[in-house]
Amino acid sequence: MTKAYSYIRFSSPEQAQGDSLRRQTAKAEAWAQQRGLVLDDSLRDLGVSAYHGANRTTGALKSFLEMVEDGRIPRGSYLIVESLDRISREAVMDAATRLFALIQAGIIVVTLSDGQEYSEERLRADWLPLVFSLIVMARAHEESRIKSERVGEAWKQKKEKARDERKPLTRRCPEWLEIRDGAFVERPERVALIRRVFQETIDGFGRREIVRRLNSEGIPTFRGGEGWQTSSVAKIIQSRAVLGEYQPHSGTHRNGNRKAEGDPIPDYYPPIIESATYWQALGAIQGRRQNTAGRTGMSGSHLFQGLARCAHCDGAMHIVNKGRPPKGGIYLACSNNMRNVGCDNVRRWRVDALEPPLIAAVDMLDQTAFHGENREVGQLRAKGEAMKTQIADFEQRQRGLIPLVEIGDDTATARSIELAKLIKRAKKDLTAIDNEVATAAAAPDLAANLASAASISKRLEESTDIEERRELRTRLRTIIRTLIDRVEFHHRFGATAFFHRREWFRINNRRSRYHFQQITTDGIPKVLLDQNVPDEIIDEWVAQWWS
């Protein structure tokens, strides 16, 4: 039986509250009933524009065109629309191409507003309706063009005013702000939550753990959804609006034409996060993405995450879960060996057996070496890491402009030049910071970190609360990464912890449970974490690392 398909479209979501949907639906039902046809009214693109052809690249019309093309909708079927502008408001040549393709595929296009039926059979005998169709499509495109220009000009003026006077463009604003008397005002409880998310990110908590903590505490989401999602936390961390920055855009995500328009507007919003904190948080995320040694469990992050490397191929060490203890356990293994891509390091290391000596290795550092040193260097190091992340962001943004620069886009060229200046300035500042750090005798926060590590490890031994242990392990892992550069896993020598290169590091030789040596000329303390290693292996290890 011949079937009719009703296609309903309107451009803005607000029209769903009006009469457009009811009107188009009622007309299509009446027409199909009069002809005795089965009506399929599932083709709906509500709030989708046809001016740039978004409805044919996404949504219901795209699905219909694909079904016509592969034969799932047979020749002789009807497509009912209120008028031709529901199918397309593109330029006449493009709109006509869409219409003609449907007709040549055997679809009969019906326009209810003027009672026209566009079929291949009719148009071969009478081409006059094609003339009328071109007029209708041209008028529809012209109306959309004029409207687009007027709206665009209005938004342009609003954006210029926002750039010059920092006036809110619309009532919409970041979730931690609201508009009162024409100005942005902070919402204190939400600002506090944003700052908490940034601090926990810097402290070493990943998105999943932050989400779990927020939901376990019953903290409501900004929009009243059913619990926090990792995507929500990611958007908070990545949003430059926390710095007060606003990036104007044109187009929409729905229409697939959204893009940045002009440079970001600084100080448009009240800044709620300091720049150093923002970049430090992004740097913490990138640090966790690089060289992560597997997943975390219910007891929190294992202490080798982000540190473990294979001594043979420099590949990452990944988690191997062999089930529950005592027979099973969590092990570290070379990822390249597991994937059979050239590394012969077949040995596996049990994580819970290596974590205690790792903590002991940190505890062996001589805290008296830190006394009287410059207490600001730690902040400088954090600032330097944040600046590195910022430079990487500038360089990425500059790379994104290359295609536009190559085709002669003057705006893109100007933005690329400005980014080059920012990169040059930031690198110069980074060099100055590195020089300050290099001349300092000690890092400011390392003594405190050592004390904290000792305190946390003691609490970890005593605690039986799962939530507390998760938090303690996460904080301890973050502290350890400020002291230890990497842990290399060798199939014969075992696991060796390499401390960050600092001339003033001293290992307290009161401890004898674990093999270690004093600092050599390279200035890097190293501690062999494996216990019960034969003496001949120790001698060979010392000869390799300390000769």
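See above for the structure.
Residues numbered from 1 in each chain as written. Predicted model: local features only at pLDDT ≥ 70, side-chain atom pairs only at ≥ 80, totals over all residues. Heavy atoms only, no water.

Draft legend 1. Seen up close, the overall build of the chain. Counting its secondary structure elements, the chain contains 17 helices and 16 strands. Pairs at least 24 residues apart make up 62% of the contacts formed inside the chain by residues separated by at least 6 positions. Surface accessibility of the chain: about 29,400 Å² in total, with carbon and sulfur atoms responsible for 49%. (Helix = DSSP H or I, 4+ residues; strand = E, 2+ residues; numbered from the N terminus. Contact = heavy atoms within 4.5 Å. Areas by Shrake-Rupley, 256 points an atom, 1.4 Å probe, with all protein chains shown as cover.)

Draft legend 2. Summary view of the pattern of salt bridges. With the rule as written, the count across this model stands at 26 salt bridges. Between D41 and R44 there is a salt bridge; the shortest N-O distance is 3.8 Å. Residue class for D41 comes out partly exposed when judged on its relative accessible area of 29%. Here R44 falls in the partly exposed class, since its relative accessible area comes to 32%. For the salt bridge of E209 with R212, the shortest nitrogen-to-oxygen distance reads 2.8 Å. Placement of the pair is E209 and R212 together in helix α8 (residues 207-216), with a separation of 3 residues, close to one helical turn. Judged by its relative accessible area of 10%, E209 falls in the buried class. Taken together, the shared-partner salt bridges connect R23, K27, E82, D85 and R86 into one network. (Salt bridge = Lys/Arg side-chain N within 4 Å of Asp/Glu carboxyl O. Buried < 20%, exposed > 50% of the residue type's maximum accessible area, 1.4 Å probe, protein only.)

Draft legend 3. A look at the packing of aromatic side chains. Counted according to the given criterion, the structure contains 12 aromatic pairs. A centroid spacing of 6.2 Å and a plane angle of 35° characterise the contact between F198 and Y278, whose relative ring orientation is tilted. Taken as a pair, F198 in helix α7 (residues 188-202) and Y278 in helix α10 (residues 275-289) lie far apart in primary sequence, 80 residues in all. Each member of the pair, F198 together with Y278, is buried. Taken together, the ring pairs in this structure connect F184, Y246, Y268 and Y269 into an aromatic cluster. A cation over a ring is seen here: R213 above F205, with NZ or CZ 4.4 Å from the ring centre. Sitting over the face of the ring of F498, R486 holds its NZ or CZ atom 4.0 Å from the ring centroid. (Phe/Tyr/Trp six-rings, centres within 6.5 Å; stacked < 30°, edge-to-face > 60°. Lys NZ or Arg CZ within 6 Å of the ring centre and 35° of its normal.)

Draft legend 4. Structural context of the nonpolar core. Grouped together as the largest cluster of nonpolar side chains are 34 residues, with contacts concentrated most on W176, I194, F198, V242 and Y278. Those elements that place two or more of their residues in this core are β6 (177-180), α7, α8, α9 (230-238) and α10. No other element matches the 6 residues that α7 contributes to this core. Formed by 32 residues, the second largest nonpolar core is a distinct cluster that contains L303, L460, L472 and I480. (Core = buried A, V, L, I, M, F, W, Y, C linked by side-chain atoms within 4.5 Å.)

These results come straight from atomic positions and should not be treated as a statement about function.
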